[in-house]
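# Structural overview
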Amino acid sequence: MQDGTDVWALIVHGGAKEMEPAEEEANRAGVLQALAAGREILERGGSALDAVEASIRVLEDLPAFNAGRGSMVNEQGDIEMCAGLMDGRDLSAGAVGAIRRVRNPIGVARRLMEEKEVLLVGDGALKFARDNGLPLAGEEELRAAAEKQSLLEGAHDTVGAVALDQGGNMAAGTSTGGISGQKVGRIGDSPLPGGGLYADNHVGAVSFSGDGETIARLALASRVMASLDDGVDMEQAIAKAVAKLPGTGGAGADGGGIGIRKDGQVGWAHNSPHFVVALVTSDMAAPRAFLRKTEEA
Ligand code: GLY
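## Section: the overall build of the protein chain
- The number of helices and strands found in the protein chain is 10 helices and 12 strands.
- At 17 Å, the protein chain has a C-alpha radius of gyration in line with the 19 Å of a compact globule built from 297 residues.
- Relative to its full complement of 297 residues, the protein chain shows a buried share of 58%.
- Split by element, the accessible area of the protein chain, about 11,100 Å² in all, is 48% carbon and sulfur.
- Separation between the mean location of the 28 positive side-chain charges and that of the 43 negative ones in the protein chain comes to 2 Å.

Written out as structure tokens, the structure is:
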């Protein structure tokens with residue numbers, strides 16, 4: 001863990017998925033916009049938790065991504081979203097599952113961190129948002145365009161962010177609009193600490209996107225934490241976890257993850273055709289964005 005240094009790092013993603021060429025520009029611009037929102041907070045000494053929430057809010061508000069606006073419809077034609085947020089300072093977490101009609105699921109997860117409960121679902125989650133005066137949204141506003149719904153049939157894309165702040169604190173977050181045609185009440189990995197996300201100042205922080213059922217069965221974020229504890233590099237830890245997906249969930253089980261180790265080492269890996277990522281650290285002259293890992297070279 002960094003302790004009161006000026007080292008900071010931020011990485012965000014816009015989903016493990018396969019993109020049409022026409023979607024690439026909006027995805028690249030969107031992750032850079034999300035990164036800018038979180039970077040501004042980290043540069044002025046703000047918290048990793050605030051930076052992660054700010055970045056994810058931007059991604060939820062952009063219809064190019066399957067989270068908040070741009071969500072998939074379930075088998076009944078309704079929108080049910082999931083989000084999770086975790087603070088590496090004290091392992092506090094807030095998450096919502098199958099929540100309807102809220103503008104920013106990540107904002108509801110953030111507000112829940114002030115309570116004892118870690119995860120609220122369905123009507124209970126919506127009631128909590130309403131009781132706390134959090135912004136609501138109509139289904140029309142949240143629903144992804146019809147052509148995107150059919151393009152992403154069965155695909156699991158998500159958005160996420162991971163940050164290390166100048167105080168050595170870490171946070172991770174996820175948000176998803178689910179899978180097109182998913183069963184009513186389905187919850188994937190995104191709101192599950194240890195599944196789709198984890199953050200611990202003493203180890204690192206990670207956020208996943210991809211086949212939610214398989215990520216949950218494998219407790220993929222926990223596996224990354226165990227690898228980091230064993231001294232594995234951030235990127236190798238994620239790559240090792242992602243490599244487990246097809247063997248457990250079948251050939252189509254793909255995904256991607258982003259992470260930051262406690263010492264600030266940033267890593268990401270995926271086995272999906274695309275995984276749109278943007279990252280910036282206190283050591284970098286400028287932010288960088290990638291649509292797939294092979295662009296890194
Ligand atoms: N990874 C997001 C989901 O499967 O719901």
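Back to the write-up after that little detour.
## Quick look at the sheet that holds strand 3 (residues 92-99)
- Ordered by their spatial adjacency, eight strands build an open sheet running 4-3-2-6-5-1-11-12, and the pairing between neighbours is mixed. One side of each edge strand has no neighbouring strand; the edge strands of this open sheet are strand 4 (119-121) and strand 12 (288-290). Recorded for the sheet is a direction-independent mean angle of 10° between the axes of neighbouring strands.
- As paired elements, strand 1 (residues 9-17) and strand 11 (residues 274-281) share seven bridges and run antiparallel to each other. What sits directly across from Val12, in strand 11, is Ala278.
- Contacting strand 1, strand 2 (81-87), strand 5 (159-164) and strand 6 (170-176), helix 2 (residues 48-61) crosses the sheet at an angle of about 160° to strand 5.

## Observations regarding the nonpolar core
- Judged by nonpolar contacts, the single largest core of 49 residues is most densely connected at Val12, Val31 and Val108.
- Here this core gets eight residues from one element, more than from any other, and that element is helix 2.
- When neighbours within four sequence positions are excluded, Val108 is seen to be in contact with Val96, Ile99, Val102, Ala125, Phe128, Ala129 and Leu134.

The rules behind these values
- Residues numbered from 1 in each chain as written.
- Predicted model: local features only at pLDDT ≥ 70, side-chain atom pairs only at ≥ 80, totals over all residues.
- Heavy atoms only, no water.
- Helix = DSSP H or I, 4+ residues; strand = E, 2+ residues; numbered from the N terminus.
- Rg over C-alpha atoms; globule rule 2.2 N^0.38 Å.
- Buried < 20%, exposed > 50% of the residue type's maximum accessible area, 1.4 Å probe, protein only.
- Areas by Shrake-Rupley, 256 points an atom, 1.4 Å probe, with all protein chains shown as cover.
- Lys, Arg positive; Asp, Glu negative; His and termini not counted.
- Charge placed at Lys NZ, Arg CZ, Asp CG, Glu CD.
- Pairing = 2+ DSSP bridges.
- Axes fitted to C-alpha atoms, helices over the stretch in contact; angles between N-to-C directions.
- Contact = heavy atoms within 4.5 Å.
- Core = buried A, V, L, I, M, F, W, Y, C linked by side-chain atoms within 4.5 Å.

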